[in-house]
Structure formats: structure tokens, C-alpha cells
Amino acid sequence: DAPPATVWRYLVEADLRRKWFAGGTDARAGAPVELVFDHDNLSADAVPYPERYAKWKGAVGRERVVEYDPPHVFAISWDEGKEGTARFELFAEGEDKTRLVLTHKGITGPAPMANFGGGWHSHLAVLQGLLAGEPVRNFWALHAESEAEVAATLAQASTSGG
């Protein structure tokens, strides 16, 4: 529920990006970008980090901006390129809405795919809620549910040959 220019700012400006994903440094074309992960502010309710993720609180990812075409396309390396790239495409939907398409390529296996899939779904839900004025109550519950759904879909695809 925002025009592409606004959504773009939430992708590339660290102070806005930390409200739905990870803070760090602002993103610029061809430059390094730091992602600082501290998910305490992603839930509207007071929700503690699950033990499984507590060790990542405050973790810093040092990535590179690999594509930067404001306000249309933004892509960064992931895990210094070891887990591929995350690419965000923004499409105007009327005057005040945006369709965001995220493609994360180069993930190394099914377990990371489930984690990334659940994580991206949850983070994008937080962004959508911020822009619509409808905050996510419990990011970690949403993340667990999303990760389980992605894992089930991957398991079904691997047994059906798809």
C-alpha cells in the first residue's frame, strides 16, 4: 500500500529497512552494504527471540549491491555470495500501490531454502503491515509457520518429482 518510490526507500535506507528486515548501512549502487539483524522491533507485541535464532541477534552480514535501478530493481549478494543473490523488483500498481517480486537464487539446499522462504515471507509481511498500518503481532510465530509451510512444499515437490 505505497508507491514504488516509498517501497524503494524501505529496501535501501537502513533506518527504514531495520523496521521490517535488517538495519546496517544504506545501500548504494555497486557498494558494500551491511545488514545488522536485530528482530526485536519486528513484532508489535513483546516477543523474545526463539532460542534457535538468539545467536544471530546483532549478527552482521557484509554483502554487495549487485543491481541498483531506482525505484525498480535492487539486488544484493547473500552470505557474501555463498547463498546466491536476493533480487527485489518493484512494479507500480496504480498510483499508490506496488507489487514487489522477490527472487532469491543460488540457495545451497532444501533446509536453507525452507529457512529463507519462511524468513522472506515473514519479513515481507512485516513490510506490508508497516505500509498498510497493520503491524505483525508476532514475527517469530509467523516465521515458524511460514518456514514449516515452505518445508512441506519442498518435501512434497521432492517426492512428486516436481
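Everything numeric in this text was worked out from a predicted model, so none of it was measured.

J.: I keep staring at the pattern of salt bridges and nothing clicks. Help me out?
T.: Two side chains that carry opposite charge are able to pair once their charged atoms sit near each other. Applying the stated criterion across every chain yields a total of twelve salt bridges. Here E34 and R62 are joined by a salt bridge, their closest N and O atoms 3.5 Å apart. You can see E34 sitting in strand β2 (residues 32-37) and its partner R62 sitting in strand β3 (residues 59-69), a full 28 residues away along the chain. Residues E147 and R52 are paired through a salt bridge, measuring 2.8 Å at the closest nitrogen-oxygen approach. Placement of E147 in helix α5 (residues 139-159) and of R52 in helix α3 (residues 51-54) is noted, with a sequence separation of 95 residues between them.

J.: Can you help me understand the sheet that holds strand β1 (residues 23-24) in this one?
T.: Note: strands within a sheet are paired through backbone hydrogen bonds, in either parallel or antiparallel orientation. Pairing is antiparallel across the open sheet formed by six strands, whose spatial order is β1-β2-β3-β4-β5-β6. Of all strands in the sheet, those bounded by a partner on one side alone are β1 and β6 (98-105). Pairing of β1 with β2, which is carried by two bridges, proceeds in the antiparallel orientation. Bridged to G23 within β2 is V36. Across the sheet, helix α4 (residues 110-132) is in contact with β5 (85-92) and β6; its angle to β6 comes to roughly 160 degrees.

J.: Just checking my understanding: could you explain the side chain of H39 for this structure?
T.: The topology assignment puts H39 in the loop between β2 and α3. Exposure remark for H39: the relative accessible area of 8% places this residue in the buried category. Of note is the side chain of H39, whose polar atom sits 3.4 Å from the side chain of H123. When near neighbours in sequence (up to four residues on either side) are disregarded, H39 contacts F21, Y49, H123, F139 and W140.

J.: Please explain the environment of T108 as it appears in this structure.
T.: Relative to the helices and strands, T108 is located in the loop between β6 and α4. Using a relative accessible area of 56% as the deciding quantity, one classes T108 as exposed. When the C-alpha atoms of T108 and K82 are compared, they prove to be 8.0 Å apart, with 26 residues separating the residues in sequence. Other than its neighbours up to four places away in sequence, T108 contacts K82 and E83. At 2.8 Å, the side chain of T108 forms a polar contact with the side chain of E83.

J.: Can you walk me through unusual backbone geometry in this structure?
T.: Each neighbour pair has its own omega, and for P70 with P71 the value is -20 degrees, a cis peptide bond. Residue placement: P71 occurs in the loop between β3 and β4 (73-77). Even without being glycine, E80 reaches a positive phi, approximately 55 degrees. Counting through the fold element by element, E80 comes out in the loop between β4 and β5. The class for E80 is exposed, based on a relative accessible area of 53%.

J.: Looking at this structure, I do not really get empty space enclosed by the protein. What am I missing?
T.: Over the atoms, a rolled probe matching the size of one water molecule traces out where space is still vacant. Summed over the entire model, instances satisfying the criterion amount to one cavity of 30 Å³ or more. Within this model, the largest cavity holds a volume of roughly 60 Å³. Around the largest cavity, the lining residues are L11, R17, W20, F21, V33, L35, F74, I76 and F88. The residue makeup of the lining of the largest cavity, split by class, is eight nonpolar, no polar and one charged.

J.: Would you mind going over the pairing of β5 with me for this structure?
T.: Put simply, side chains in a regular strand alternate between the two faces of the sheet. The pairing of β4 with β5 spans five bridges and is classified as antiparallel. By the bridge assignment, F74 is partnered in β5 with F88. Inspection of the sheet shows β5 paired to β6 by eight bridges, in the antiparallel sense. Opposite R87, over in β6, you have T103 as the bridge partner.

What counts and how
- Residues numbered from 1 in each chain as written.
- Predicted model: local features only at pLDDT ≥ 70, side-chain atom pairs only at ≥ 80, totals over all residues.
- Heavy atoms only, no water.
- Salt bridge = Lys/Arg side-chain N within 4 Å of Asp/Glu carboxyl O.
- Helix = DSSP H or I, 4+ residues; strand = E, 2+ residues; numbered from the N terminus.
- Pairing = 2+ DSSP bridges.
- Contact = heavy atoms within 4.5 Å.
- Axes fitted to C-alpha atoms, helices over the stretch in contact; angles between N-to-C directions.
- Buried < 20%, exposed > 50% of the residue type's maximum accessible area, 1.4 Å probe, protein only.
- Polar contact = N/O pair within 3.5 Å; in protein donor to acceptor, adjacent residues only side chain to side chain.
- 1 Å grid on protein atoms, 1.4 Å probe; cavity = no way out; pocket = protein on both sides within 12 Å on 5 of 7 lines; lining within 4 Å.
- Points joined across faces, edges and corners; volume = space filled by probe spheres on them.
- Nonpolar A, V, L, I, M, F, W, Y, C, P; charged D, E, K, R; others polar.

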